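Working through the structure, step by step
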Amino acid sequence: MFSVVFLLALLAFSVTGSPVEVRNSTITLPMTRRLAFSNVTDLLRHDEARLVAFGEHSTRGRRSADAHPRPTVPLSPVDSGVRMQGYSVRVAIGNPPTDYDLVVDSASAITWVGAALPYFSSSGINTNVPVAVDYPFGSFQGTIWEDGITFSERVSIPRMYIGVAPDIQDMNIAADGVLGIGPTLSGLGSLPNSPDQTIPTVIDRLVEQQTIPRPMVGIFFKPTVANGDNNGELCFGGTNPKKYIKRLEYADVTTIHPSSLYWGINHEIRYANIEILAYSPGIIDCGCTFLYLATDAYERYRAATGGTLNPVNGLLQISLQQYNELSNLEFHYIGRILRFVPNAQIWPRSLNQKINGGDNDIFLVVKSLSTPTSAGFNFINGYVFLQRFYTVFDSGKRRVGFAPTLFTEASTN
């Protein structure tokens with residue numbers, strides 16, 4: 001049975017806890033890119049696992065208030081040596097403080113540790129409340145502990161509910177756990193004994209204790225040209241205006257299931273005045289590497305660019321002449337246009353060997369969802385998209401914002 005003490009603690013969470021030094025200010029954290037793959041097969045399998053999990057929601061039907069299955073979070077499966085890819089941040093948990101590298105996941109609301117470095121803290125309190133999340137090819141199962149989490153010398157959460165995982169089935173991630181920055185409701189079903197109850201996220205707690213002014217996360221990525229680049233930044237509580245060059249424009253989170261469960265929006269995609277995808281919902285996701293389109297939209301893009309499928313790595317390949325003739329891929333939403341320039345549409349040549357390509361080969365980063373256009377899930381704008389636009393997840397107003405950066409039109413690739 002769900003712990004009454006735990007429930008009461010949840011209800012009281014916003015008015016208890018020790019004060020922190022920083023109040024109503026934004027917090028910035030550096031992020032490091034972790035490309036834990038040996039070849040393109042690993043990388044594609046990582047992405048495909050997330051697609052499976054996203055797609056499972058479209059076949060389950062809408063989750064109701066009285067029926068929340070254990071969530072299948074679209075983190076990477078770890079099967080046959082494939083590891084979860086992504087950006088990580090370093091935090092300290094407990095007393096004595098232990099440093100953990102946590103993968104930032106925009107599709108998960110749960111923060112947990114124990115994947116690599118075991119959890120140990122003399123200050124932690126075990127609530128004995130079970131927590132469980134299923135992944136495509138594995139699962140995290142453990143209990144909720146209450147402990148402190150520290151982001152810097154000046155910023156901490158004295159009381160945070162953290163999942164501790166003594167039991168991780170068939171998973172292997174390139175970090176110690178996960179920092180969930182997904183919508184709070186995406187955690188529904190993670191408490192098996194009380195599936196209607198959610199756990200306050202890191203963002204929720206920082207707002208409740210007035211450390212940050214708003215429940216917002218700003219995300220900045222500089223295009224990756226090497227593994228281990230410290231080229232990302234999280235901004236809790238607002239945005240970092242130094243990272244973008246024009247004003248932010250927002251799109252409301254879609255109300256259409258299943259994209260509505262995540263940071264999903266509606267937009268239209270056009271290429272050289274050709275409609276690639278009609279105005280419809282999809283997901284903004286920092287966990288997927290590529291940009292994915294419904295199969296019919298992908299085929300229209302392939303035909304428009306002249307790309308041919310490379311049989312070795314499964315990516316569309318074009319010639320230098322075709323690259324010189326590429327047009328912008330445009331994302332239209334609420335009267336605004338985000339332009340994905342030709343250089344943004346190609347895989348970085350410095351990493352060609354990672355995908356079994358020659359030094360001068362040119363590969364496109366647009367791939368197929370392997371499902372046709374549907375009512376609720378037609379695209380995923382992954383990391384290749386986010387590294388070109390400053391992105392804001394605003395849970396308070398249920399919207400996602402974008403602004404160009406110095407790298408929107410860069411020739412990095």
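Above this note sits the structure.
Residues numbered from 1 in each chain as written. Predicted model: local features only at pLDDT ≥ 70, side-chain atom pairs only at ≥ 80, totals over all residues. Heavy atoms only, no water.

A few words now on the overall build of the chain. The helix and strand tally for the chain stands at 6 helices and 23 strands. A burial count over the chain gives 59% of its 413 residues as buried. Considering only residue pairs separated by 6 or more positions, the chain has 71% of its internal contacts joining residues 24 or more positions apart. A total accessible area of about 16000 Å² is found for the chain, and carbon and sulfur atoms account for 50% of it. (Helix = DSSP H or I, 4+ residues; strand = E, 2+ residues; numbered from the N terminus. Buried < 20%, exposed > 50% of the residue type's maximum accessible area, 1.4 Å probe, protein only. Contact = heavy atoms within 4.5 Å. Areas by Shrake-Rupley, 256 points an atom, 1.4 Å probe, with all protein chains shown as cover.)

A few words now on the sheet that holds strand 17 (residues 329–333). One open sheet accounts for 7 strands, arranged 18-17-12-13-21-14-20; its pairing is mixed. The open sheet has two free edges, formed respectively by strand 18 (336–340) and strand 20 (366–368), since each of these has just one partner strand. With direction set aside, neighbouring strand axes in the sheet form an average angle of 35°. Bridge count between strand 17 and strand 18: 5 bridges; the pairing is antiparallel. By the bridge assignment for strand 18, E330 is matched with R339. Sheet strands touched by helix 4 (residues 295–305): strand 12 (264–271), strand 13 (274–284), strand 14 (291–293), strand 17 and strand 20. Its angle to strand 13, the strand with the most contacts, is close to 135°. (Pairing = 2+ DSSP bridges. Axes fitted to C-alpha atoms, helices over the stretch in contact; angles between N-to-C directions.)

Counted according to the given criterion, the structure contains 10 salt bridges. Of the charged contacts in the structure, one is a salt bridge between E249 and R336, with a shortest N-O distance of 2.8 Å. Placement of the pair is E249 in strand 11 (residues 249–252) and R336 in strand 18, with a sequence separation of 87 residues. With relative accessibility at 16%, the residue E249 sits in the buried group. A salt bridge links R270 to E268, with the shortest nitrogen-to-oxygen separation between them at 2.9 Å. The class of R270 is partly exposed, set by a relative accessible area of 22%. (Salt bridge = Lys/Arg side-chain N within 4 Å of Asp/Glu carboxyl O.)

Taken as a whole, the largest pocket holds about 330 Å³ of empty space. What lines the largest pocket is a set of 17 residues, among which K246, I337, L338, R339 and P404 lie closest to the centre. If one sorts the elements of the lining of the largest pocket by residue count, strand 18 sits on top with 4 residues. Grouping the amino acids of the lining of the largest pocket by side-chain chemistry returns 9 nonpolar, 2 polar and 6 charged. (1 Å grid on protein atoms, 1.4 Å probe; cavity = no way out; pocket = protein on both sides within 12 Å on 5 of 7 lines; lining within 4 Å. Points joined across faces, edges and corners; volume = space filled by probe spheres on them. Nonpolar A, V, L, I, M, F, W, Y, C, P; charged D, E, K, R; others polar.)

This part takes up the packing of aromatic side chains. Considering all chains together, one arrives at 18 aromatic pairs under this definition. Residues Y271 and Y301 carry aromatic rings whose centres are separated by 5.8 Å and whose planes lie at 80° to one another, so their mutual orientation is edge-to-face. Separated by 30 residues along the polypeptide, Y271 in strand 12 and Y301 in helix 4 bring together distant segments of the chain. Judged by relative accessible area, which is 3%, Y271 ranks as buried. The class for Y301 is buried, based on a relative accessible area of 0%. Aromatic side chains F385 and F402 sit 5.7 Å apart centroid to centroid with 85° between the ring planes, which places their arrangement in the edge-to-face category. Of this pair, F385 sits in helix 6 (residues 383–386) while F402 is found in strand 23 (residues 399–404), placing the two residues 17 residues apart along the sequence. Given a relative accessible area of 1%, F385 falls into the buried group. Directly above the ring of Y250 sits R399, whose terminal nitrogen or CZ lies 3.6 Å from the centroid. (Phe/Tyr/Trp six-rings, centres within 6.5 Å; stacked < 30°, edge-to-face > 60°. Lys NZ or Arg CZ within 6 Å of the ring centre and 35° of its normal.)

Burial along strand 8 (residues 177–180) is two-sided: G177 and L179 facing one way and V178 and G180 facing the other are all buried. Bridge analysis of strand 3 (residues 98–105) against strand 8 gives 4 bridges, and the strand direction is parallel. If you follow V103 over to strand 8, its bridge partner there is V178. Across 2 bridges, the pairing between strand 4 (residues 112–113) and strand 8 is antiparallel.

On to the nonpolar core. Judged by nonpolar contacts, the single largest core of 90 residues is most densely connected at F151, L234, F236 and L293. With residues up to four places along the chain from it excluded, the contact list for L293 reads I269, I276, Y298, Y301, V366, K367, S368, L369, N378 and F379. Among the nonpolar cores identified, the runner-up in size contains 13 residues, and I110, W112, F140 and A165 belong to it. (Core = buried A, V, L, I, M, F, W, Y, C linked by side-chain atoms within 4.5 Å.)

Attention now moves to unusual backbone geometry. A cis amide bond links N95 with the next residue in sequence, P96, at an omega value of 0°. Among the structural elements, P96 can be located in the loop between strand 2 (86–93) and strand 3. In this model, H257 is joined to P258 through a cis peptide bond whose omega is 5°. Topologically, P258 is positioned in the loop between strand 11 and strand 12. The phi angle at N273 is positive, at roughly 65°, despite the residue not being glycine. Within the secondary structure layout, N273 lies in the loop between strand 12 and strand 13.

A word on the pairing of strand 10 (residues 232–236). Counting buried residues along strand 10, 5 of its 5 residues qualify, which places the element largely inside the surrounding structure. Covered by surrounding structure in strand 10 are G232, L234 and F236 together with E233 and C235, the residues of both alternating faces. In terms of strand pairing, strand 9 (residues 216–221) meets strand 10 through 5 bridges, oriented antiparallel. Bridged to F221 within strand 10 is G232.

Considered for burial, the residues of helix 4 that qualify are A297, Y298, Y301 and T305. Angular distribution of buried residues about the axis of helix 4 spans 100°; they occupy a single face of the element. One or two steps after helix 4, the chain reaches G306, where phi turns positive at roughly 80°. (Arc of directions from axis to C-beta.)

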